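Structure assessment
If you want the building blocks of each chain, they are given just below.
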Amino acid sequence: MPVAALVAVAAGVIPVLPGFLHAATTEGGVIADPDFWDQLYRYGVFVAFGLSALTYVGLMRLQELQQPAAAAEG
């Protein structure tokens, strides 16, 4: 299911985007008083990987649960 992989990547990247945009538009890229989104971006590699992995595993398990039902119908 290639759609699951794309959804998983989006689920990992979208939460990090606000912090990235804030850092990209700040002169020098260093934010003096980081908020939640900036902190999330600071740990973006771990956040994106974790969210993507959880989303992908969840979608694959959901697909696995639906396949036996589809096979029984056919």
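Residues numbered from 1 in each chain as written. Predicted model: local features only at pLDDT ≥ 70, side-chain atom pairs only at ≥ 80, totals over all residues. Heavy atoms only, no water.

Moving on to the overall build of the protein chain. Across its full length, the protein chain holds four helices and zero strands. Of the regular secondary structure in the protein chain, the N- to C-terminal order runs α-α-α-α. Computed over C-alpha atoms, the radius of gyration of the protein chain comes to 17 Å, more than 25% over the 11 Å expected from 2.2 N^0.38 for 74 residues, which places it beyond the range of a compact globule. With respect to the three principal axes, the spread of C-alpha positions in the protein chain is 60 × 15 × 15 Å. Within the protein chain, the fraction of its 74 residues that count as buried is 19%. The long-range fraction of contacts in the protein chain, counting pairs at least 24 apart against all pairs at least 6 apart in sequence, stands at 61%. Of the accessible surface of the protein chain, which amounts to about 5600 Å², a share of 70% is contributed by carbon and sulfur atoms. (Helix = DSSP H or I, 4+ residues; strand = E, 2+ residues; numbered from the N terminus. Rg over C-alpha atoms; globule rule 2.2 N^0.38 Å. Buried < 20%, exposed > 50% of the residue type's maximum accessible area, 1.4 Å probe, protein only. Contact = heavy atoms within 4.5 Å. Areas by Shrake-Rupley, 256 points an atom, 1.4 Å probe, with all protein chains shown as cover.)

Let us look at a nonpolar patch on the surface. A surface patch of nonpolar side chains, amounting to about 610 Å² of accessible area, comprises V9, V13, I14, L17, F20, L21 and Y41. Going through the elements one at a time, helix 1 (2-13) and helix 2 (17-25) are the ones with two or more residues in the nonpolar patch. Ranked by residue count, the leading element in the nonpolar patch is helix 2, at three residues. Considering the arrangement of structural elements, one finds V13 in helix 1. According to the relative accessible area criterion, V13 is partly exposed, its value standing at 39%. (Patch = residues over 30% accessible without salt bridge, like charges linked within 9 Å, V, L, I, M, F, W, Y side chains within 5 Å. Salt bridge = Lys/Arg side-chain N within 4 Å of Asp/Glu carboxyl O.)

Two numbers describe a pair of aromatic rings. These are the distance of the centres and the angle of the planes. A complete count under the given rule lists two aromatic pairs for this structure. With a centroid separation of 5.1 Å and an interplanar angle of 75°, the aromatic rings of F36 and W37 are classed as edge-to-face. With relative accessibility at 55%, the residue F36 sits in the exposed group. (Phe/Tyr/Trp six-rings, centres within 6.5 Å; stacked < 30°, edge-to-face > 60°.)

Time to look at the environment of P34. Relative to the assigned elements, P34 resides in the loop between helix 2 and helix 3 (36-42). The sequence separation of P34 and H22 amounts to twelve residues, and the corresponding C-alpha distance is 9.6 Å. In this view, P34 contacts Q39 and R42; residues no more than four positions away in its chain are not counted.

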